[in-house]
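# Tertiary structure, described
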Amino acid sequence: MSSALTDLFPHPIVQAPMAGGVSVPQLAAAVSDAGGLGFLAAGYKTADGLYQEIKQLRGLTGRPFGVNLFMPQPEYADPAAVDVYAHQLSGEASWYETELGDPDSGRDDGYDAKLAVLLDNPVPVVSFHFGVPSSEVLESLRRAGTFTLVTATTAEEALAVQRAGADAVIAQGVEAGGHQGTHRDIPENDGAGTGLLSLLGQFRETVGIPLVAAGGIMRGSQIAAVLAAGASAAQLGTAFLATTESGAAPVHKQALTNPLFVRTELTRAFSGRPARGLVNRFLREHGRYAPAAYPEIHHLTSPLRKAAAKAKDAQGMALWAGQGHRMARELPAGQLVEVLVAELADARTALSVFPEGGDLR
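An account of the accompanying structure is given in this report. Quantities reported herein were computed from a predicted structural model and do not represent experimental measurements.

## Concerning the overall build of the protein chain
The helix and strand tally for the protein chain stands at 15 helices and 11 strands. For the protein chain, the C-alpha radius of gyration of 20 Å lies close to 21 Å, the compact-globule estimate for 361 residues. For the protein chain, the spread of C-alpha atoms along the three principal axes comes to 60 × 50 × 40 Å. Within the span of the protein chain, comprising 361 residues, buried residues form 55% of the whole. Counting contacts in the protein chain only where the partners sit at least 6 residues apart, residues at least 24 apart contribute 69% of the total. Just so you have it, the protein chain exposes about 15,200 Å², and 52% of that area is on carbon and sulfur atoms. For the protein chain, the centre of its 28 positive side-chain charges and the centre of its 37 negative side-chain charges are spaced 4 Å apart.

## What to know about the packing of aromatic side chains
This model, assessed by the stated rule, comprises five aromatic pairs. Between Phe270 and Phe282, the aromatic rings sit 4.7 Å apart at their centres with planes inclined by 20 degrees, giving stacked as the arrangement. Remark: Phe282 occurs in helix α13 (residues 281–286) and Phe270 occurs in the loop between β10 (264–267) and β11 (275–278); sequence separation between them is 12 residues. Judged by relative accessible area, Phe282 falls into the buried class, the value being 1%. Aromatic ring contacts, followed pair by pair, group Tyr44, Phe70, Phe130 and Tyr294 into a single cluster.

## So, the layout of surface pockets
A volume near 1,100 Å³ is recorded for the largest pocket. What lines the largest pocket is a set of 46 residues, among which Met18, Ala19, Gly20, Val22 and Trp320 lie closest to the centre. Only β3 (65–70), β4 (125–129), β6 (168–172), β7 (178–179), β9 (233–236), α11 (238–241) and α14 (296–310) provide two or more residues apiece to the lining of the largest pocket. Here the lining of the largest pocket takes six residues from α14, the largest share from any one element. Tallied by class, residues from the lining of the largest pocket come to 21 nonpolar, 23 polar and two charged. Each pocket or cavity is described by its volume, and for the second largest pocket that value is around 360 Å³. As for the second largest pocket, its lining consists of 18 residues, of which Thr153, Thr154, Thr182, Asn189 and Gly193 are closest to the centre. When grouped by side-chain class, the residues that make up the lining of the second largest pocket number five nonpolar, nine polar and four charged.

## Section: the nonpolar core
The biggest cluster of nonpolar side chains holds 99 residues, and the ones touching the most others in it are Ile54, Val67, Phe128, Val169, Ile223, Leu236 and Phe240. Considering each element in turn, this core owes the most residues, six residues, to helix α15 (residues 333–353).

## With respect to the sheet that holds β10
An order of β7-β11-β10 is seen for the three strands of this open sheet, with the pairing classed as antiparallel. Either end of the sheet is taken by a strand with one partner, and the two such strands are β7 and β10. Judged from the two bridges that link them, β7 and β11 form a sheet pairing that is antiparallel. Considered in β11, the bridge of His179 is made with Ala275.

## Some words on the side chain of Gln73
The topology assignment puts Gln73 in the loop between β3 and α4 (79–88). Looking at Gln73, the relative accessible area reads 8%, which means it is buried. Within the structure, Gln73 has its side chain in polar contact with the backbone oxygen of Phe130 (distance 3.5 Å). Side chain to side chain, Gln73 and Arg273 meet in a polar contact 3.3 Å long. Setting aside chain neighbours within four positions, we find Gln73 in contact with Arg107, Phe130, Arg273, Tyr294 and Pro295.

## Observations regarding helix α6 (residues 111–120)
Every buried residue of α6 is listed here: Tyr111, Lys114, Leu115, Val117 and Leu118. Around the axis of α6, the buried residues are gathered within 155 degrees of arc, so they sit on the same side. Structural note: α6 exposes Asp112 and Asp120 on the side pointing more than 90 degrees away from its buried face. At its buried positions, α6 is contacted by α3 (47–60), β3, β4 and α7 (135–143).

Scoring rules and cut-offs
Residues numbered from 1 in each chain as written. Predicted model: local features only at pLDDT ≥ 70, side-chain atom pairs only at ≥ 80, totals over all residues. Heavy atoms only, no water. Helix = DSSP H or I, 4+ residues; strand = E, 2+ residues; numbered from the N terminus. Rg over C-alpha atoms; globule rule 2.2 N^0.38 Å. Buried < 20%, exposed > 50% of the residue type's maximum accessible area, 1.4 Å probe, protein only. Contact = heavy atoms within 4.5 Å. Areas by Shrake-Rupley, 256 points an atom, 1.4 Å probe, with all protein chains shown as cover. Lys, Arg positive; Asp, Glu negative; His and termini not counted. Charge placed at Lys NZ, Arg CZ, Asp CG, Glu CD. Phe/Tyr/Trp six-rings, centres within 6.5 Å; stacked < 30°, edge-to-face > 60°. 1 Å grid on protein atoms, 1.4 Å probe; cavity = no way out; pocket = protein on both sides within 12 Å on 5 of 7 lines; lining within 4 Å. Points joined across faces, edges and corners; volume = space filled by probe spheres on them. Nonpolar A, V, L, I, M, F, W, Y, C, P; charged D, E, K, R; others polar. Core = buried A, V, L, I, M, F, W, Y, C linked by side-chain atoms within 4.5 Å. Pairing = 2+ DSSP bridges. Polar contact = N/O pair within 3.5 Å; in protein donor to acceptor, adjacent residues only side chain to side chain. Arc of directions from axis to C-beta.

Now the structure itself:
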(Lines give C-alpha, C1' and ligand atoms only; values in the text may rest on other atoms or scores of the structure.)
Protein backbone atom coordinates (compact mmCIF):
# COMPACT_ATOMS: atom_id res chain seq x y z
CA MET A 1 0.00 0.00 0.00
CA SER A 2 1.02 3.59 -0.52
CA SER A 3 3.22 4.67 2.38
CA ALA A 4 1.11 7.83 2.53
CA LEU A 5 -1.46 5.73 4.39
CA THR A 6 0.56 3.00 6.09
CA ASP A 7 2.85 5.58 7.67
CA LEU A 8 -0.18 6.93 9.53
CA PHE A 9 -0.85 3.84 11.65
CA PRO A 10 1.43 0.91 12.50
CA HIS A 11 -1.21 -1.85 12.58
CA PRO A 12 -3.40 -2.75 9.56
CA ILE A 13 -6.59 -2.14 11.55
CA VAL A 14 -9.16 0.51 10.68
CA GLN A 15 -12.14 1.20 12.95
CA ALA A 16 -15.13 1.54 10.66
CA PRO A 17 -17.05 4.83 10.86
CA MET A 18 -20.47 3.94 12.27
CA ALA A 19 -23.02 6.74 12.03
CA GLY A 20 -25.80 7.33 14.50
CA GLY A 21 -23.68 8.06 17.55
CA VAL A 22 -21.51 4.92 17.65
CA SER A 23 -18.18 6.30 16.38
CA VAL A 24 -17.66 8.88 19.10
CA PRO A 25 -14.33 10.71 19.61
CA GLN A 26 -13.46 8.51 22.60
CA LEU A 27 -13.64 5.39 20.44
CA ALA A 28 -11.61 6.85 17.59
CA ALA A 29 -8.97 8.15 20.00
CA ALA A 30 -8.61 4.80 21.74
CA VAL A 31 -8.15 2.96 18.44
CA SER A 32 -5.66 5.48 17.08
CA ASP A 33 -3.67 5.53 20.32
CA ALA A 34 -3.42 1.73 20.14
CA GLY A 35 -1.90 1.90 16.66
CA GLY A 36 -4.97 1.47 14.48
CA LEU A 37 -6.83 4.14 12.54
CA GLY A 38 -9.81 5.56 14.41
CA PHE A 39 -12.69 7.12 12.48
CA LEU A 40 -15.43 9.65 13.10
CA ALA A 41 -18.73 9.26 11.23
CA ALA A 42 -20.05 12.57 9.89
CA GLY A 43 -23.30 11.00 8.71
CA TYR A 44 -26.45 12.55 10.22
CA LYS A 45 -24.45 15.25 12.01
CA THR A 46 -24.48 18.98 11.32
CA ALA A 47 -21.33 20.61 9.98
CA ASP A 48 -20.80 22.33 13.31
CA GLY A 49 -21.37 19.06 15.14
CA LEU A 50 -18.67 17.47 12.99
CA TYR A 51 -16.30 20.37 13.66
CA GLN A 52 -16.83 20.04 17.41
CA GLU A 53 -16.18 16.29 17.33
CA ILE A 54 -12.96 16.76 15.34
CA LYS A 55 -11.87 19.38 17.87
CA GLN A 56 -12.70 17.03 20.75
CA LEU A 57 -10.86 14.12 19.11
CA ARG A 58 -7.76 16.22 18.58
CA GLY A 59 -7.84 17.01 22.28
CA LEU A 60 -7.89 13.28 23.08
CA THR A 61 -5.13 12.05 20.77
CA GLY A 62 -2.24 13.31 18.72
CA ARG A 63 -2.42 10.27 16.45
CA PRO A 64 -3.88 10.32 12.91
CA PHE A 65 -7.59 9.58 12.40
CA GLY A 66 -10.23 9.68 9.67
CA VAL A 67 -13.65 11.18 8.96
CA ASN A 68 -16.35 9.56 6.83
CA LEU A 69 -18.84 11.46 4.66
CA PHE A 70 -22.11 10.30 3.08
CA MET A 71 -22.51 11.29 -0.56
CA PRO A 72 -25.68 13.25 -1.51
CA GLN A 73 -28.40 11.01 -2.86
CA PRO A 74 -30.31 11.42 -6.14
CA GLU A 75 -34.07 11.55 -6.07
CA TYR A 76 -35.60 8.25 -7.06
CA ALA A 77 -38.05 7.66 -4.28
CA ASP A 78 -41.74 7.24 -5.07
CA PRO A 79 -43.63 9.64 -2.75
CA ALA A 80 -46.72 7.43 -2.92
CA ALA A 81 -44.71 4.40 -1.73
CA VAL A 82 -43.32 6.44 1.16
CA ASP A 83 -46.85 7.49 2.13
CA VAL A 84 -48.03 3.88 2.09
CA TYR A 85 -45.13 2.83 4.32
CA ALA A 86 -45.83 5.74 6.66
CA HIS A 87 -49.43 4.50 6.99
CA GLN A 88 -48.14 1.04 7.82
CA LEU A 89 -45.91 2.47 10.56
CA SER A 90 -48.73 4.41 12.21
CA GLY A 91 -49.22 1.58 14.69
CA GLU A 92 -45.55 1.78 15.67
CA ALA A 93 -45.92 5.50 16.30
CA SER A 94 -48.88 4.85 18.57
CA TRP A 95 -47.06 2.07 20.41
CA TYR A 96 -43.99 4.22 21.10
CA GLU A 97 -46.12 7.33 21.73
CA THR A 98 -44.28 9.45 19.19
CA GLU A 99 -44.82 11.03 15.77
CA LEU A 100 -43.32 9.77 12.56
CA GLY A 101 -40.52 11.90 11.14
CA ASP A 102 -40.70 14.16 8.10
CA PRO A 103 -39.44 12.15 5.11
CA ASP A 104 -38.50 15.38 3.32
CA SER A 105 -35.93 16.47 5.89
CA GLY A 106 -33.06 16.69 3.42
CA ARG A 107 -31.18 14.56 0.91
CA ASP A 108 -27.57 15.75 0.96
CA ASP A 109 -26.70 15.27 4.68
CA GLY A 110 -25.05 18.72 4.65
CA TYR A 111 -22.36 17.39 2.33
CA ASP A 112 -21.00 20.72 1.06
CA ALA A 113 -20.84 22.27 4.52
CA LYS A 114 -19.06 19.25 5.98
CA LEU A 115 -16.63 19.16 3.07
CA ALA A 116 -15.86 22.84 3.74
CA VAL A 117 -15.05 21.95 7.36
CA LEU A 118 -12.62 19.27 6.20
CA LEU A 119 -10.94 21.60 3.72
CA ASP A 120 -10.62 24.42 6.26
CA ASN A 121 -9.43 22.05 9.00
CA PRO A 122 -7.76 19.17 7.14
CA VAL A 123 -7.69 15.72 8.74
CA PRO A 124 -5.31 12.88 7.79
CA VAL A 125 -7.92 10.62 6.13
CA VAL A 126 -11.39 11.11 4.63
CA SER A 127 -13.57 8.29 3.32
CA PHE A 128 -16.82 8.41 1.34
CA HIS A 129 -19.92 6.17 1.37
CA PHE A 130 -22.88 5.83 -1.04
CA GLY A 131 -21.02 7.03 -4.13
CA VAL A 132 -17.92 8.61 -5.64
CA PRO A 133 -17.01 12.26 -5.07
CA SER A 134 -15.92 14.33 -8.02
CA SER A 135 -12.31 14.38 -9.14
CA GLU A 136 -12.20 18.04 -8.12
CA VAL A 137 -13.22 17.20 -4.54
CA LEU A 138 -10.65 14.42 -4.30
CA GLU A 139 -7.93 16.66 -5.70
CA SER A 140 -8.80 19.48 -3.29
CA LEU A 141 -8.48 17.08 -0.37
CA ARG A 142 -5.18 15.79 -1.72
CA ARG A 143 -3.84 19.35 -1.91
CA ALA A 144 -4.90 19.78 1.72
CA GLY A 145 -2.77 16.77 2.65
CA THR A 146 -5.67 14.35 3.14
CA PHE A 147 -5.61 10.71 2.05
CA THR A 148 -8.92 9.64 0.45
CA LEU A 149 -10.80 6.34 0.41
CA VAL A 150 -14.13 5.45 -1.21
CA THR A 151 -16.31 2.41 -0.52
CA ALA A 152 -17.16 0.07 -3.40
CA THR A 153 -19.21 -3.14 -3.51
CA THR A 154 -18.50 -4.28 -7.09
CA ALA A 155 -15.52 -4.29 -9.43
CA GLU A 156 -17.28 -1.71 -11.61
CA GLU A 157 -17.65 0.62 -8.62
CA ALA A 158 -14.00 0.09 -7.70
CA LEU A 159 -12.98 1.11 -11.22
CA ALA A 160 -15.09 4.28 -10.90
CA VAL A 161 -13.30 5.05 -7.62
CA GLN A 162 -9.90 4.68 -9.29
CA ARG A 163 -10.91 6.80 -12.28
CA ALA A 164 -12.09 9.60 -9.99
CA GLY A 165 -8.64 9.76 -8.41
CA ALA A 166 -9.16 8.37 -4.89
CA ASP A 167 -6.05 7.13 -3.12
CA ALA A 168 -7.56 3.78 -2.10
CA VAL A 169 -10.79 1.79 -2.27
CA ILE A 170 -12.66 0.09 0.56
CA ALA A 171 -13.88 -3.31 -0.62
CA GLN A 172 -17.12 -3.86 1.29
CA GLY A 173 -18.33 -7.44 1.26
CA VAL A 174 -21.95 -8.39 1.70
CA GLU A 175 -21.10 -9.65 5.21
CA ALA A 176 -20.68 -6.09 6.49
CA GLY A 177 -23.00 -4.63 9.09
CA GLY A 178 -24.86 -1.37 8.52
CA HIS A 179 -25.48 0.20 5.15
CA GLN A 180 -24.09 -1.26 1.97
CA GLY A 181 -22.06 1.44 0.24
CA THR A 182 -23.48 0.81 -3.23
CA HIS A 183 -23.06 3.78 -5.58
CA ARG A 184 -26.58 3.37 -6.99
CA ASP A 185 -29.51 1.91 -5.09
CA ILE A 186 -31.03 -0.65 -7.45
CA PRO A 187 -33.83 -2.69 -5.81
CA GLU A 188 -33.43 -5.50 -8.35
CA ASN A 189 -29.95 -6.12 -6.89
CA ASP A 190 -31.17 -6.59 -3.32
CA GLY A 191 -29.46 -9.59 -1.75
CA ALA A 192 -27.04 -10.00 -4.66
CA GLY A 193 -23.91 -8.79 -2.86
CA THR A 194 -20.52 -10.48 -3.11
CA GLY A 195 -18.58 -12.03 -0.24
CA LEU A 196 -15.44 -10.19 0.84
CA LEU A 197 -12.77 -12.67 -0.28
CA SER A 198 -14.30 -12.99 -3.73
CA LEU A 199 -14.64 -9.22 -3.92
CA LEU A 200 -10.97 -8.71 -3.04
CA GLY A 201 -9.97 -11.09 -5.85
CA GLN A 202 -12.08 -9.16 -8.34
CA PHE A 203 -10.70 -5.81 -7.17
CA ARG A 204 -7.09 -6.98 -7.46
CA GLU A 205 -7.72 -7.85 -11.10
CA THR A 206 -9.58 -4.60 -11.81
CA VAL A 207 -7.80 -1.71 -10.10
CA GLY A 208 -4.26 -0.77 -9.19
CA ILE A 209 -4.92 1.37 -6.12
CA PRO A 210 -4.60 -0.02 -2.56
CA LEU A 211 -7.45 -2.00 -1.03
CA VAL A 212 -8.95 -1.86 2.47
CA ALA A 213 -11.12 -4.90 3.28
CA ALA A 214 -14.44 -4.59 5.13
CA GLY A 215 -17.13 -7.12 5.96
CA GLY A 216 -17.59 -9.52 8.87
CA ILE A 217 -14.02 -9.28 10.17
CA MET A 218 -13.88 -10.03 13.92
CA ARG A 219 -10.57 -11.83 14.56
CA GLY A 220 -6.90 -11.32 13.82
CA SER A 221 -6.86 -14.53 11.77
CA GLN A 222 -9.46 -12.97 9.47
CA ILE A 223 -7.29 -9.88 9.13
CA ALA A 224 -4.45 -12.17 8.08
CA ALA A 225 -6.75 -13.77 5.50
CA VAL A 226 -7.73 -10.50 3.83
CA LEU A 227 -4.12 -9.29 3.86
CA ALA A 228 -3.14 -12.53 2.11
CA ALA A 229 -5.96 -11.93 -0.37
CA GLY A 230 -4.55 -8.58 -1.39
CA ALA A 231 -5.81 -6.02 1.11
CA SER A 232 -3.39 -3.71 2.85
CA ALA A 233 -5.60 -3.14 5.89
CA ALA A 234 -8.85 -4.41 7.39
CA GLN A 235 -11.78 -2.24 8.43
CA LEU A 236 -13.78 -3.54 11.39
CA GLY A 237 -17.12 -2.14 12.53
CA THR A 238 -19.14 -4.66 14.54
CA ALA A 239 -16.02 -5.72 16.43
CA PHE A 240 -15.64 -2.17 17.77
CA LEU A 241 -19.38 -1.63 18.28
CA ALA A 242 -19.25 -3.74 21.44
CA THR A 243 -16.26 -1.95 22.98
CA THR A 244 -16.35 0.14 26.13
CA GLU A 245 -15.85 3.45 24.30
CA SER A 246 -18.45 2.77 21.60
CA GLY A 247 -21.42 5.12 21.66
CA ALA A 248 -23.86 2.32 20.83
CA ALA A 249 -26.76 1.87 23.23
CA PRO A 250 -26.09 -0.83 25.86
CA VAL A 251 -29.07 -2.83 24.60
CA HIS A 252 -27.52 -2.82 21.11
CA LYS A 253 -24.17 -4.04 22.44
CA GLN A 254 -25.86 -6.80 24.44
CA ALA A 255 -27.93 -7.90 21.45
CA LEU A 256 -24.80 -8.81 19.46
CA THR A 257 -24.26 -11.93 21.56
CA ASN A 258 -27.82 -12.40 22.88
CA PRO A 259 -29.08 -15.87 21.83
CA LEU A 260 -32.42 -14.23 21.02
CA PHE A 261 -30.85 -12.68 17.90
CA VAL A 262 -29.51 -15.56 15.87
CA ARG A 263 -28.93 -14.00 12.47
CA THR A 264 -28.59 -10.84 10.42
CA GLU A 265 -30.37 -9.73 7.28
CA LEU A 266 -30.12 -6.97 4.71
CA THR A 267 -33.18 -4.76 5.08
CA ARG A 268 -34.69 -1.47 3.96
CA ALA A 269 -37.04 -1.38 6.97
CA PHE A 270 -35.29 1.39 8.89
CA SER A 271 -33.75 3.60 6.21
CA GLY A 272 -35.01 2.67 2.76
CA ARG A 273 -31.54 1.51 1.71
CA PRO A 274 -30.09 -2.01 2.14
CA ALA A 275 -28.38 -2.33 5.51
CA ARG A 276 -27.44 -5.41 7.52
CA GLY A 277 -28.84 -5.72 11.01
CA LEU A 278 -29.94 -8.27 13.59
CA VAL A 279 -33.33 -9.71 12.75
CA ASN A 280 -35.84 -8.36 15.28
CA ARG A 281 -39.60 -7.77 15.37
CA PHE A 282 -39.51 -4.49 13.44
CA LEU A 283 -37.40 -5.96 10.66
CA ARG A 284 -39.59 -9.07 10.37
CA GLU A 285 -42.85 -7.13 10.32
CA HIS A 286 -41.87 -4.25 8.04
CA GLY A 287 -38.79 -5.22 6.03
CA ARG A 288 -40.65 -6.74 3.10
CA TYR A 289 -42.79 -3.61 2.68
CA ALA A 290 -40.15 -0.90 2.92
CA PRO A 291 -39.66 0.97 -0.37
CA ALA A 292 -36.37 1.99 -1.96
CA ALA A 293 -36.43 5.49 -0.53
CA TYR A 294 -33.29 6.73 1.19
CA PRO A 295 -33.03 9.00 3.12
CA GLU A 296 -36.82 9.47 3.24
CA ILE A 297 -37.42 6.28 5.23
CA HIS A 298 -34.46 7.08 7.48
CA HIS A 299 -36.08 10.39 8.40
CA LEU A 300 -39.52 8.77 8.70
CA THR A 301 -38.40 6.10 11.18
CA SER A 302 -35.93 8.23 13.16
CA PRO A 303 -38.37 9.09 16.00
CA LEU A 304 -39.43 5.43 16.25
CA ARG A 305 -35.85 4.24 16.56
CA LYS A 306 -35.05 6.88 19.16
CA ALA A 307 -38.17 6.02 21.17
CA ALA A 308 -37.35 2.31 21.08
CA ALA A 309 -33.78 3.01 22.24
CA LYS A 310 -35.08 5.22 25.06
CA ALA A 311 -37.42 2.40 26.11
CA LYS A 312 -34.50 -0.08 25.82
CA ASP A 313 -36.62 -2.09 23.40
CA ALA A 314 -34.25 -3.98 21.13
CA GLN A 315 -37.19 -5.24 19.07
CA GLY A 316 -37.85 -1.77 17.67
CA MET A 317 -34.28 -0.57 17.12
CA ALA A 318 -32.01 -0.70 14.09
CA LEU A 319 -29.51 -3.23 15.46
CA TRP A 320 -26.86 -2.84 12.77
CA ALA A 321 -24.41 -5.74 12.85
CA GLY A 322 -22.23 -7.78 10.51
CA GLN A 323 -22.46 -11.53 10.03
CA GLY A 324 -19.74 -12.13 12.63
CA HIS A 325 -21.68 -10.44 15.44
CA ARG A 326 -21.69 -13.50 17.73
CA MET A 327 -17.89 -13.15 17.93
CA ALA A 328 -18.09 -9.67 19.48
CA ARG A 329 -15.94 -9.05 22.56
CA GLU A 330 -16.79 -6.45 25.19
CA LEU A 331 -13.32 -4.99 25.70
CA PRO A 332 -11.85 -1.51 25.83
CA ALA A 333 -11.10 -0.49 22.25
CA GLY A 334 -7.36 -0.19 22.80
CA GLN A 335 -7.22 -3.66 24.33
CA LEU A 336 -9.21 -5.05 21.40
CA VAL A 337 -6.62 -3.65 19.00
CA GLU A 338 -3.87 -5.32 21.04
CA VAL A 339 -5.72 -8.66 20.98
CA LEU A 340 -6.30 -8.41 17.23
CA VAL A 341 -2.63 -7.61 16.63
CA ALA A 342 -1.58 -10.63 18.70
CA GLU A 343 -4.02 -12.87 16.82
CA LEU A 344 -2.73 -11.52 13.52
CA ALA A 345 0.85 -12.29 14.54
CA ASP A 346 -0.12 -15.84 15.55
CA ALA A 347 -1.89 -16.38 12.23
CA ARG A 348 1.09 -15.12 10.28
CA THR A 349 3.41 -17.39 12.25
CA ALA A 350 1.18 -20.38 11.58
CA LEU A 351 1.18 -19.62 7.87
CA SER A 352 4.94 -19.18 7.78
CA VAL A 353 5.62 -22.62 9.28
CA PHE A 354 2.99 -24.47 7.27
CA PRO A 355 4.87 -26.59 4.72
CA GLU A 356 4.17 -25.85 1.08
CA GLY A 357 2.08 -28.66 -0.30
CA GLY A 358 1.99 -30.17 3.18
CA ASP A 359 -0.39 -32.77 4.56
CA LEU A 360 -3.76 -31.16 5.29
CA ARG A 361 -4.97 -34.01 7.49
